[in-house]
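# Reading the structure
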Amino acid sequence: MPELSTSIPLILATLACIAAMVLAVRRVRQLDELATTLWPIQAMLGLVTVLCLFAFVYRLTIVHKAWVPVQAHVDGLLLISLLLAPAILYTQSRPRLFGFSLFAMPLLALILAWGVCATLWTYRPFNLDSFTQAWTVFHLAVTYVGLLCCAMGAAGGAMYLFVQGRLKSKAGLGQVNPMASLETLETLILRAATLGFVLLTLSLISGLVMVTQSDHTSSLGKAWWSSPKVWLAAAAWIVYAVLINVRSFSTVRGRRAAWLAIAGLVLVLATYGAVEALDRTQQDDTSNVPHAVEAD
Amino acid sequence: MRLLMLGFNHRTAPLELREALAFDNERAAAALHELRQRYPASECALLSTCNRTEFYLARPIHDPPTIEHLRSFITQQTGADADAIHTASIHREQEEAATHLFRVSAGLDSMVLGEPQVLGQVKRAYELADGCGAVGPVLHRLFQGAITASKSVRRQTGIDQGRTSVSSVAVAFAKNIFDHFGDKTVLAIGAGEMIKASLASLRRENPKRLLLINRTQQRAIDLAKQLELTGTDHGGRAWDDMDSLLIEADIVVSCTGATEPIVTESRFKPLLKKRRGRPLFMLDLAVPRDLDPKIGSLRNVYLYNLDDLQQAVEATTSGRRELVNEAEALLRGHIDRCMGEIRHRDIGRLVKQLRQRLNDIAQEEQGRTAKKLASLNGQSTEQAVEDLIAQHNHRLVNKILHLPLSQLDRSDPDASMGFYAAALRRLFDLKDQPDMPMDEASSDT
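What counts and what doesn't
Residues numbered from 1 in each chain as written. Chains lettered and ligands numbered in written order. Predicted model: local features only at pLDDT ≥ 70, side-chain atom pairs only at ≥ 80, totals over all residues. Heavy atoms only, no water. Pairing = 2+ DSSP bridges. Helix = DSSP H or I, 4+ residues; strand = E, 2+ residues; numbered from the N terminus. Axes fitted to C-alpha atoms, helices over the stretch in contact; angles between N-to-C directions. Contact = heavy atoms within 4.5 Å. Expected span 1.5 Å × (residues − 1). Buried < 20%, exposed > 50% of the residue type's maximum accessible area, 1.4 Å probe, protein only. Buried area = accessible area lost by both parts, 1.4 Å probe. Salt bridge = Lys/Arg side-chain N within 4 Å of Asp/Glu carboxyl O. Polar contact = N/O pair within 3.5 Å; in protein donor to acceptor, adjacent residues only side chain to side chain. Parallel < 35°, antiparallel > 145°, perpendicular 65-115°, else oblique. Left-handed = near helix turned anticlockwise from the far one by under 90°. Nonpolar A, V, L, I, M, F, W, Y, C, P; charged D, E, K, R; others polar. Phe/Tyr/Trp six-rings, centres within 6.5 Å; stacked < 30°, edge-to-face > 60°. Right-handed = clockwise from strand over helix to strand, strands pointing away. pLDDT = per-residue confidence, 0-100. Disulfide = S-S within 2.5 Å.

So, on to the sheet that holds strand E4 (residues 90-93) of chain B. Residue and element names in this part refer to chain B. Pairing is antiparallel across the open sheet formed by four strands, whose spatial order is E2-E3-E1-E4. The open sheet has two free edges, formed respectively by strand E2 (43-48) and E4, since each of these has just one partner strand. Between one strand axis and the next, the sheet turns by 15° as a mean value, whatever way the strands run. In terms of strand pairing, E2 meets strand E3 (residues 52-59) through six bridges, oriented antiparallel. The residue of E3 that forms the bridge with Cys44 is Leu57. Packed onto the sheet, helix H7 (residues 137-157) meets strand E1 (2-9), E2 and E3 and runs at close to 35° relative to E2.

Here's what the structure looks like:
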């Protein structure tokens, strides 16, 4: 059943985010009007934060009535949005990260729109049984926050490619307010990747514990190691393992690191896609299995 | 004398052409000597900087060289393509030529508005031409006037204060790549004014190491001392250390007088691997360029040259338009005074020449009349002497008026009748009398 009380704030937040994006583009293009065009973006992002907070608290206190914050996919997306929106708001006020919001806001809009879909059409609560509940909550939490880090890293990577392209083509030289430096963006990618790597590692470990120690039949089955989800997750983990050492590996520095950050996010999203596809197949094939664990 | 200027600058000519047209001191002196030999009645000076190559000439009004002569002279001297020279050159005459030099000296025509270096370059160009004996009274007055006016305008408007300097733009460029400079190594190649200014700006960002290299190492060491770059991390290094320094450097600023690239792609490419993918910001302030442009296409290398700086600087100078207007208004007074003096000097010479010519005619006629008087052999009557005087006067007037009146010859299609007629009326205070009416003429008879 559609969760309208969650959907409406999410729809409003998506619209506010799109409005903020438009304003941010205007701000970057009309650099001399910086002072007059900054506050509407901040107001819009503030509104997104408030709406996400409202929806998250509402779901926690009214819908779930439990301390477990992530009980459905929409909760995870809300959690990411709730963390990402203030993070973008913060970067707006940092001159050294000028322009970053332009690359992060489309991600936020995408996640919010995804959240709308997850409440209106594809709403499914996770099955948190008593044995794996703690592990699952931990697994889901670190996975979603890890996804947030990966998204930040990918946004940084996309911006790196954009800024580097402009520097190489010598476009926009002499801008009153230049975009974030390549070094800042590389640092951002590195930090996001490092945090993402740690969280993905925790996610993999907790996932491993869940599939190996649970006496219930997991969605992955006994041959969990041959699942595309596990392979994709391992591939993403390796990408981030390389990425966090990028300053030591000269061959993957610069553009290649930026592409790796984007590739990492794509792999993480592909892992999610594999999970969804796998779950649907499992549900179709074994609809009588009562406790299929909805992993991330 | 007629004043001419033929030149090329960062607005009219691309960097490649400016490189081909650049004259170092030796070549400039040779070019000035050659010009003086070809056109001995002319005065000439050559201003050659990173951003401009300009010839200034003062020649007798109807004598060569013309602008076309100058263009072909430059083509011969530089070997640059004649069509490119024709397309990229600008030329100015008389007051416009003077205005151009005054604007250049005041930094109003510079890439960086109000930059002070150009004044020194104008002074050196003047001194070089003077040293070659190529400067005469007109160019003396013009260059001295331009230098004086430039100082005055800078003082009164403060146009050289708060400007966007090349060095500050260089730092801004570097900030597109680096977040901070505390762990960065800056390498400066050269020891000239541009390097000094750039290092002064970069130093304010507190880089970890500031190193200088120059073919003459002592000059690099001296500049380091001048900039108070002390300690093991800073100072001059040997020219032979360039490759190892290029591996260590994060920022390279180069401005030497070399006529060929110092760092070529083939030299730099093997060093890239040893840099372990660290980004490198390179700024080539030299013309001709010191750093091979192909280096800019290598991975993690960001190479910029003077034309790129121009693009950046122009974006930031639009807000100083009022200051430019003020400076130009002040320059106008200086230019008018200078051109007034040059014209006055020309008129003085003209009057002297005219006097000489008339005296010569008078002397000649006096001699002829004296001979005729002597031939009378004491039989002179009052009437005969009067006739001689009348003939003398007639010949004198005819000879004096012959050339001016021949300009009024209606058969000459090139003659500017109206101009000469007006000039004669004005010079001899002749009234423009109407033709006598027919009836009035008939009543007199």
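We are not done yet, so read on.
Right, let's talk about helix H3 (residues 73-92) of chain A for a bit. For H3(A), which comprises 20 residues, the first-to-last C-alpha distance of 29 Å matches the rise-based estimate of 28 Å (1.5 Å per residue) to within 8%. Within H3(A), 15 of the 20 residues are buried, leaving the element largely enclosed by the surrounding structure.

This part takes up the interface of chain B and chain A. On the chain A side, the residues contacting the 28 residues of chain B number 21 residues. Looking at the side of chain B facing chain A, the largest losses of area belong to Asn176(B), Asp179(B) and Arg299(B), adding up to 30% of the total buried there. Here chain B is connected to chain A by two salt bridges. Measuring nitrogen to oxygen at the nearest pair gives 2.7 Å for the salt bridge that ties Glu183(A) to Lys184(B). Here chain B and chain A share 15 residue pairs in polar contact (both at pLDDT 80 or more) between them. Of all the elements in the fold, those that place two or more residues in the side of chain B that touches chain A are helix H8 (166-175), strand E10 (301-305) and helix H13 (306-317) of chain B.

All right, on to the packing of H3(A) against helix H4 (residues 100-120) of chain A then. All names here are of chain A. Between H3 and H4, the shortest axis-to-axis distance is 9 Å and the interhelical angle comes to 160°. As summarised for this structure, H3 and H4 are arranged roughly antiparallel, according to the angle between their axes. Seen from above, H3 lies across H4 with left-handed handedness. Along its contact with H3, which presents His73, Val74, Leu77, Ile80, Ser81, Leu84, Ala85, Ile88, Thr91 and Gln92, the element H4 presents Phe100, Ser101, Ala104, Met105, Leu107, Leu108, Ile111, Leu112, Trp114, Gly115, Ala118 and Thr119. Looking at the contact of H3 with H4 residue by residue, the class counts come to 15 nonpolar, seven polar and no charged.

With that settled, consider unusual backbone geometry. Keep in mind that most residues, glycine aside, have a negative phi and that most peptide bonds are trans. Residues and elements named next belong to chain B. With an omega dihedral of 5°, the bond running from Pro64 to Pro65 counts as a cis peptide bond. The topology assignment puts Pro65 in the loop between E3 and helix H3 (67-78). Going from Val287 to Pro288, the amide bond is cis rather than trans, its omega being 0°. Position of Pro288 among the secondary structure elements: in the loop between strand E9 (280-284) and E10. Of note, the phi angle at Arg276 is positive, near 55°, even though the residue is not glycine. Tracing the sequence through the fold places Arg276 in the loop between helix H12 (265-274) and E9. Using a relative accessible area of 45% as the deciding quantity, one classes Arg276 as partly exposed. The phi dihedral of Asp429 is positive, around 55°, even though this residue is not glycine. Tracing the backbone through its elements, the reader meets Asp429 in the loop between helix H16 (417-427) and helix H17 (438-444). Residue Asp429 is classed as exposed on the basis of its relative accessible area of 59%.

It is worth spelling out the packing of H7(B) against helix H14 (residues 321-375) of chain B at this point. All names here are of chain B. One can describe the packing of H7 onto H14 by two numbers: an axis separation of 9 Å at closest approach and a directional angle of 155°. Relative to H14, the element H7 lies roughly antiparallel. As for the relative orientation of H7 and H14, their crossing is right-handed in sense. For the pair H7 and H14, contact is made by Pro137, Val138, Arg141, Leu142, Ala149, Ser152, Val153, Gln156 and Thr157 and by Leu323, Glu326, Ala327, Leu330, Leu331, His334, Arg337, Cys338, Glu341, Ile342 and Arg345, respectively.

Two numbers describe a pair of aromatic rings. These are the distance of the centres and the angle of the planes. All names here are of chain B. This model, assessed by the stated rule, comprises 10 aromatic pairs over all chains. Aromatic side chains Phe55 and Phe73 sit 6.1 Å apart centroid to centroid with 90° between the ring planes, which places their arrangement in the edge-to-face category. Of this pair, Phe55 sits in strand E3 while Phe73 is found in helix H3, placing the two residues 18 residues apart along the sequence. Residue Phe55 shares its accessibility class with Phe73, and that shared class is buried.

Turning next to the pairing of strand E5 (residues 185-189) of chain B. For a regular strand, side-chain orientation follows a simple rule: the groups alternate between the two sheet faces. All names here are of chain B. Of all the five residues making up E5, five are buried; the element is thus mostly covered by neighbouring parts of the structure. Burial along E5 is two-sided: the residues Thr185, Leu187 and Ile189 and Val186 and Ala188 are all buried. Where E5 lies against strand E6 (residues 209-213), five bridges are found, and the strand directions are parallel. Following the sheet pairing, Val186 is matched in E6 by Leu210. Between the parallel pair E5 and E6, the chain is carried across by helix H9 (residues 193-203), and the sense of this crossover is right-handed. Taken together, the four bridges between E5 and strand E8 (residues 251-254) define a ladder with parallel strand orientation.

To continue, consider the pairing of E1(B). Residue and element names in this part refer to chain B. In terms of residue burial, E1 counts as a mostly covered element, since seven of its eight residues are buried. Across eight bridges, E1 lies against E3 in antiparallel orientation. Bridge pairing in E3 places Leu6 opposite Phe55. Both E1 and E4 contribute to a ladder of four bridges, which runs antiparallel. Each residue of the ladder has a partner; that of Gly7, found in E4, is Ile90.

With that settled, the discussion passes to the environment of Asp130(B). Inspection of the secondary structure assignment puts Asp130(B) in helix H6 (residues 117-131). A relative accessible area of 36% places Asp130(B) in the partly exposed class.

This next bit is on the confidence of the model for chain A. For chain A, per-residue confidence averages 77 on the pLDDT scale, and residues scoring 70 or more make up 76% of the total. In this model, residues 286-296 of chain A is a region of pLDDT below 50 whose contacts with residues beyond four sequence positions or in other chains number 27 contacts.

Our next topic: the environment of Leu89(A). All names here are of chain A. Summarising the element assignment, Leu89 is placed in helix H3. A C-alpha to C-alpha distance of 6.2 Å links Leu89 and Gln42, two positions 47 residues apart in sequence. Once you skip the residues sitting within four places of it in the chain, Leu89 turns out to touch Gln42, Leu45 and Gly46.

Residue and element names in this part refer to chain B. Here six strands make up an open sheet; going across it, the order is E7-E6-E5-E8-E9-E10 and the pairing parallel. On the outer flanks of this sheet lie strand E7 (234-237) and E10, each paired with one strand and no other. Going from strand to strand, the sheet's axes swing by 15° on average, the running direction of each strand aside. As judged from the five bridges shared by E9 and E10, these two strands associate in the parallel manner. Across the sheet, Met282 pairs through a bridge with Leu303, a residue of E10.

Glancing now at the state of the cysteines. All names here are of chain B. One pass over the structure, following the stated rule, counts zero disulfides over all chains. The cysteine Cys132 is free of any disulfide, with Cys44 supplying the nearest cysteine sulfur at 8.3 Å. Free of any disulfide, Cys255 has its nearest neighbouring cysteine sulfur in Cys50, separated by 4.9 Å.

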